[in-house]
Amino acid sequence: MKDKKKIIFNAVFLILCFSLTLFYVFKGEDFKAVLRFIRRAGGAVWLIGLLLVTAFILCESLIIYYLMKNLKQKPKLMHCCLYSFVGFFFSLVTPTASGGQPMQLVFMGRDKLPVHISSMILLLITIAYKTVLVMIGALLLLFRPQRLLHLLRPALFWVKLGMLLNVLCVSFMAALVFCPLFTKKLVLRMMEWFSPLFPRERWNAMKGKAAAYMDEYREASAYIKKNRRITAHVFLITFAQRCLLFAVTYLVFVSFGVRGIGMAETITLQGTISLAADMLPLPGGMGISEHLFERIFTPVCGVKLITPIMVVSRGLSFYAQLLISAVFTAIAYLVIFGKENHKHDRIL
């Protein structure tokens, strides 16, 4: 019942955010003129954008597979791809991307992958994912390129707020990954809160199992800390992954004939938009991402083109990503959960 209420709340909240975003984007706009500009643009380039979005998602699959193999697990590469689609789908439809990793753990658990290993890997991926954004913002504020700072001026408050929230989040997650004793104490302390809900014998068994898991978690943490090249590889792949998605906006600029900005500048500015929206309690940064995109890129695109460009850019980088992830999430359910149901039917 509780899960149903949560699903209904998330669905209503998502629809509300989407409706308000549509209202904001098209308020005062000539819808036919926007469509006319979109039809004139070079749509063939957008297919490359779709490929970049798909490659962006699959980069996480490579990281999951790479970390699992290094931690002596035997995942299927195809299933790692499906975990990524599941993670991105639920991250895109839940506030602050809170639903992605819990659902990935559910699918990984169905494949008999140890929960402590899966949890550590997903935490490390999130740390790298957010740290790349923080680094983009930090380098921008450190070197202060005048042209980019001028374009970013309307969004600087949101960028700084995003940096602060992401640094706090990354610091806490890093403590969970690299300070296993802290993690063990935290987990056991949280379990103590729920001890009155269980019979004593069952509680002792659960506590012993959790302690054993956390000892194995500590071994995995020690291995990650000892082999720093693994962490370095994860960060390099994550940086490339982020650039793939941010480059979609540059392709859209090219398709509309905008020539006043380079790829590196576009990736940097798009990175700061993601940094600003990443920790806000909005599914996929809906609303704030469109607002910041318009404020930052209007001087580059012009008033007439900013709405069509924003529609196509967000359409590829967010809504196409959502659709692709939704399709493969359904496939993941059929492949990973369906095989168990099929086995059950055969036994009956």
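A brief report on the enclosed structure follows. The structure displayed is predicted, hence computed values, not measured ones. (Residues numbered from 1 in each chain as written. Predicted model: local features only at pLDDT ≥ 70, side-chain atom pairs only at ≥ 80, totals over all residues. Heavy atoms only, no water.)

1. Examining the overall build of the protein chain
Inference 1: The helix and strand inventory of the protein chain stands at 14 helices and zero strands.
Inference 2: Intrachain contacts of the protein chain at a sequence separation of at least 6 include 77% that bridge at least 24 residues.
Inference 3: Working note: accessible area of the protein chain is about 18,200 Å², and carbon and sulfur atoms make up 69% of it. (Helix = DSSP H or I, 4+ residues; strand = E, 2+ residues; numbered from the N terminus. Contact = heavy atoms within 4.5 Å. Areas by Shrake-Rupley, 256 points an atom, 1.4 Å probe, with all protein chains shown as cover.)

2. Focus: the packing of helix H3 (residues 44–70) against helix H6 (residues 115–143)
Inference 1: Contact geometry of H3 with H6 gives a least axis separation of 10 Å together with a crossing angle of 135 degrees. By the angle class used here, H3 and H6 are oblique. With respect to the hand of their crossing, H3 and H6 are arranged in right-handed fashion. Side by side, H3 and H6 meet where Phe 56, Glu 60, Ile 63, Ile 64, Leu 67 and Met 68 of the first sit next to Ile 117, Ser 118, Ile 121, Leu 124, Ile 125 and Tyr 129 of the second.
Inference 2: Looking at the contact of H3 with H6, its residues break down into ten nonpolar, one polar and one charged. (Axes fitted to C-alpha atoms, helices over the stretch in contact; angles between N-to-C directions. Parallel < 35°, antiparallel > 145°, perpendicular 65-115°, else oblique. Left-handed = near helix turned anticlockwise from the far one by under 90°. Nonpolar A, V, L, I, M, F, W, Y, C, P; charged D, E, K, R; others polar.)

3. Observations concerning the packing of aromatic side chains
Inference 1: Taken as a whole and judged by the stated rule, the model has twelve aromatic pairs.
Inference 2: With a centroid separation of 6.4 Å and an interplanar angle of 45 degrees, the aromatic rings of Phe 56 and Tyr 129 are classed as tilted. Taken as a pair, Phe 56 in helix H3 and Tyr 129 in helix H6 lie far apart in primary sequence, 73 residues in all.
Inference 3: Overall, the relative accessible area of 17% leaves Tyr 129 in the buried class.
Inference 4: Ring geometry for Phe 89 versus Phe 90: centroids 5.0 Å apart, planes at 80 degrees, classification edge-to-face. (Phe/Tyr/Trp six-rings, centres within 6.5 Å; stacked < 30°, edge-to-face > 60°. Buried < 20%, exposed > 50% of the residue type's maximum accessible area, 1.4 Å probe, protein only.)

4. Quick notes on the state of the cysteines
Inference 1: Counted under the stated rule, the structure contains zero disulfides.
Inference 2: Lacking any disulfide linkage, Cys 80 is separated from the closest cysteine sulfur, that of Cys 81, by 7.0 Å.
Inference 3: Of the residues examined, Cys 80 reaches a relative accessible area of 0% and is grouped as buried. (Disulfide = S-S within 2.5 Å.)

5. Some details on the environment of Thr 131
Inference 1: In this structure, Thr 131 sits in helix H6.
Inference 2: Owing to a relative accessible area of 17%, Thr 131 belongs among the buried residues under this scheme.
Inference 3: In the structure, Thr 131 is positioned 107 residues away from Thr 238 in sequence and 9.4 Å away in space, judged by C-alpha atoms.
Inference 4: Excluding anything up to four places from it in sequence, Thr 131 contacts Val 170 and Phe 235.

6. Some thoughts on the nonpolar core
Inference 1: Within the largest apolar cluster, 54 residues are counted, with the highest numbers of intra-cluster contacts made by Phe 256, Ile 296, Phe 297 and Ile 309.
Inference 2: The leading source of residues in this core is helix H11 (residues 228–255), at eight residues.
Inference 3: Setting aside residues no more than four positions away along its own chain, Ile 309 makes contact with Val 252, Phe 253, Phe 256, Val 258, Phe 293 and Cys 301. (Core = buried A, V, L, I, M, F, W, Y, C linked by side-chain atoms within 4.5 Å.)

7. Examining the side chain of Ser 84
Inference 1: Topologically, Ser 84 is positioned in helix H4 (residues 77–93).
Inference 2: Excluding residues within four positions of it along the chain, Ser 84 makes contact with Ile 57, Glu 60, Ser 61, Ile 64 and Gln 104.

8. So, unusual backbone geometry
Inference 1: With a phi angle near 65 degrees, Lys 72 is a residue other than glycine that sits in the positive phi range.
Inference 2: Take Lys 72: it is sitting in the loop between H3 and H4.
Inference 3: Classification of Lys 72 as exposed rests on a relative accessible area of 63%.
Inference 4: Although it is not a glycine, Arg 144 sits at a positive phi angle of roughly 50 degrees.
Inference 5: Mapped onto the secondary structure, Arg 144 falls in the loop between H6 and helix H7 (146–152).

9. A short note on helix H12 (residues 263–277)
Residues that lie three or four places apart on an α-helix share one face, since the helix turns once every 3.6 residues.
Inference 1: End to end, H12 covers 21 Å across 15 residues, agreeing with the expected 21 Å (1.5 Å per residue, within 8%).
Inference 2: Counting buried positions along H12 gives eleven out of 15 residues, so the element sits mostly inside the fold.
Inference 3: Here H12 has its buried residues at Thr 266, Ile 267, Leu 269, Gln 270, Gly 271, Thr 272, Ile 273, Ser 274, Leu 275, Ala 276 and Ala 277. (Expected span 1.5 Å × (residues − 1).)

10. Quick word on a nonpolar patch on the surface
Inference 1: Where nonpolar side chains cluster on the molecular surface, the patch consists of Leu 323, Val 327, Phe 328, Ile 331, Tyr 333, Leu 334 and Val 335 and spans about 630 Å² of accessible area.
Inference 2: Exposure remark for Phe 328: the relative accessible area of 32% places this residue in the partly exposed category. (Patch = residues over 30% accessible without salt bridge, like charges linked within 9 Å, V, L, I, M, F, W, Y side chains within 5 Å. Salt bridge = Lys/Arg side-chain N within 4 Å of Asp/Glu carboxyl O.)

11. Quick word on helix H5 (residues 100–110)
Inference 1: By the burial criterion, the buried members of H5 are Gly 100, Gln 104, Phe 107 and Met 108. One face of H5 carries all of its buried residues, which in axial projection span an arc of 100 degrees. (Arc of directions from axis to C-beta.)

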